[in-house]
Every structure is written in C-alpha cells, then in structure tokens.
Amino acid sequence: KTYYIKVFSTGSIATYGPSSYTGYVSLNISTISSSPANDTIANAILLSQSNNPITVNNQYSTLQAGENQLYFKDSDIFNTVWYKYIAPSDQTITFETFNRFFSPILNFYESSDGTANFASLKPFRDTDFWSMNFTLKANKTYYLQIGGQNNASNSLQLNVYINQVAPPANDN
C-alpha cells in the first residue's frame with residue numbers, strides 16, 4: 001500500500017527566543033481511498049449530449065506518467081480526472097464549473113488520431129478556471145482534463161451545454 005503524509009501549518013511557523021525553544025507537530029495518518037475511475041485518460045468518462053450537470057470529484061486522483069501539466073497563472077495542475085466527447089456533428093460546447101471551496105483548472109484537447117495517447121493531444125485553447133466555450137468539428141474526439149490548482153481536490157458541479165452549429169443559409 002502507498003501512504004501519503006501531508007504536513008502543514010494552520011499559521012505561521014517561526015522561532016522566537018533562544019534556539020532551545022521546542023514545539024509540537026501533529027501528524028495524522030490515514031489511508032487513501034481508491035482513485036476515481038476516470039483518473040487516467042484511457043478511462044475517460046464519455047460525455048453525452050444530455051447536458052445534465054455532472055458531479056466531478058478529483059479527490060485521490062493523480063497525475064499519470066506523461067500527462068500534460070499545463071501552467072496557468074503560475075499554478076500547476078494536479079489531481080486530474082478525464083472526460084471524453086466525440087462530436088457527432090459540428091457543434092458548440094460550453095463547460096461551466098461551480099465550487100466555492102477550490103479553483104478547478106480545465107484543459108481541453110483535440111485528439112489528432114482519436115486515441116487517448118498523450119502524444120496525439122493538442123491543446124484546443126488556453127487553460128481556464130471556470131468556463132470554456134468551443135466550436136467542435138464533426139467526428140472529432142476531444143478530451144477534458146479537470147484538476148486542482150496547487151494540489152487542490154474536492155467535488156464540483158460541471159455543466160455541459162452542447163448546441164448544433166447551423167449550416168450557412170447558402171449551404172445547399
């Protein structure tokens with residue numbers, strides 16, 4: 001089993017007075033629950049056109065070897081989970097997240113060959129925290145990476161809005 005130890009302070013750590021001052025450190029050890037099913041890109045959850053809110057939980061998720069770890073405003077992305085969408089037609093898609101406890105980071109990728117191979121992914125647009133809007137091409141595969149800023153993890157609500165792109169009036 002793998003155990004993780006988190007050491008933190010609830011306030012400033014400083015030494016005042018002679019160097020003989022000592023203090024106490026509390027250490028809480030707990031086992032980690034299993035990682036989410038979509039912790040790896042190979043197990044990305046397929047999004048449907050139902051547009052229902054999705055509860056996302058990146059607690060106990062990890063970065064996998066070779067995973068893209070884009071930076072945004074000096075923040076690393078950690079604790080990632082993955083979603084996949086295959087556009088059946090030209091569409092627009094909007095992702096919105098809601099969580100008051102942490103700032104999720106969203107990265108959106110197009111797969112050049114339809115596979116979950118990191119080498120095939122190209123960033124579709126800059127990273128964002130709360131909302132993203134894209135125009136998608138028919139029969140293309142896309143991946144959404146959701147992670148926590150600076151190791152943050154929690155659950156959040158993801159709203160997915162998908163709309164068909166109307167062909168031009170002269171398209172006949």
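Above this text sits the structure in question.
Everything numeric here is computed off the predicted structure, so don't read it as measured data.

Draft legend 1. Expanded view of the overall build of the protein chain. Assigned secondary structure in the protein chain consists of 0 helices and 9 strands. Secondary structure of the protein chain in N-to-C order comes out as β-β-β-β-β-β-β-β-β. Counting every position in the protein chain, which comprises 172 residues, the buried fraction comes to 33%. Within the protein chain, counting contacts between residues at least 6 apart in sequence, those at least 24 apart form 79% of the total. When the accessible surface of the protein chain is split by element, carbon and sulfur atoms take 49% of a total near 10,800 Å².

Draft legend 2. View of the sheet that holds strand β2 (residues 54–57). The strand order across the open sheet built from 4 strands is β2-β9-β4-β7, with neighbouring strands paired in antiparallel fashion. Among the strands making up the open sheet, the edge pair consists of β2 and β7 (131–136). Looking at each pair of strands side by side, their axes are set apart by 25° on average, direction ignored. Strand direction decides the pairing type here: β2 and strand β9 (residues 155–164), joined by 4 bridges, are antiparallel. Across the sheet, Asn 57 pairs through a bridge with Ser 155, a residue of β9.

Draft legend 3. Spotlight on the sheet that holds strand β8 (residues 141–149). Spatially, β1-β3-β8-β5-β6 is the arrangement adopted by the 5 strands of the open sheet, whose pairing is mixed. In the strand order of this sheet, the two ends are held by β1 (45–46) and β6 (121–123), each with one partner. Examined bridge by bridge, strand β5 (residues 104–111) and β6 share 3 bridges and lie antiparallel to one another. Bridge pairing in β6 places Tyr 109 opposite Pro 123.

Draft legend 4. Region of interest: the pattern of salt bridges. A complete count under the given rule lists 1 salt bridge for this structure. In this structure, Lys 140 and Glu 110 form a salt bridge, with 3.6 Å as the shortest nitrogen-oxygen distance. Taken together, the positions of Lys 140 in the loop between β7 and β8 and Glu 110 in strand β5 put the pair 30 residues apart, joining distant regions of the chain.

Draft legend 5. The arrangement of the environment of Ala 116 in detail. As for its placement among the helices and strands, Ala 116 is situated in the loop between β5 and β6. Assessed through its relative accessible area of 29%, Ala 116 is described here as partly exposed. With 76 residues separating them along the chain, Ala 116 and Thr 40 place their C-alpha atoms 9.4 Å apart. Filtering out sequence-adjacent residues up to four positions away, Ala 116 remains in contact with Ile 41, Ala 42 and Tyr 143.

Reading the values: the criteria
- Residues numbered from 1 in each chain as written.
- Predicted model: local features only at pLDDT ≥ 70, side-chain atom pairs only at ≥ 80, totals over all residues.
- Heavy atoms only, no water.
- Helix = DSSP H or I, 4+ residues; strand = E, 2+ residues; numbered from the N terminus.
- Buried < 20%, exposed > 50% of the residue type's maximum accessible area, 1.4 Å probe, protein only.
- Contact = heavy atoms within 4.5 Å.
- Areas by Shrake-Rupley, 256 points an atom, 1.4 Å probe, with all protein chains shown as cover.
- Pairing = 2+ DSSP bridges.
- Axes fitted to C-alpha atoms, helices over the stretch in contact; angles between N-to-C directions.
- Salt bridge = Lys/Arg side-chain N within 4 Å of Asp/Glu carboxyl O.

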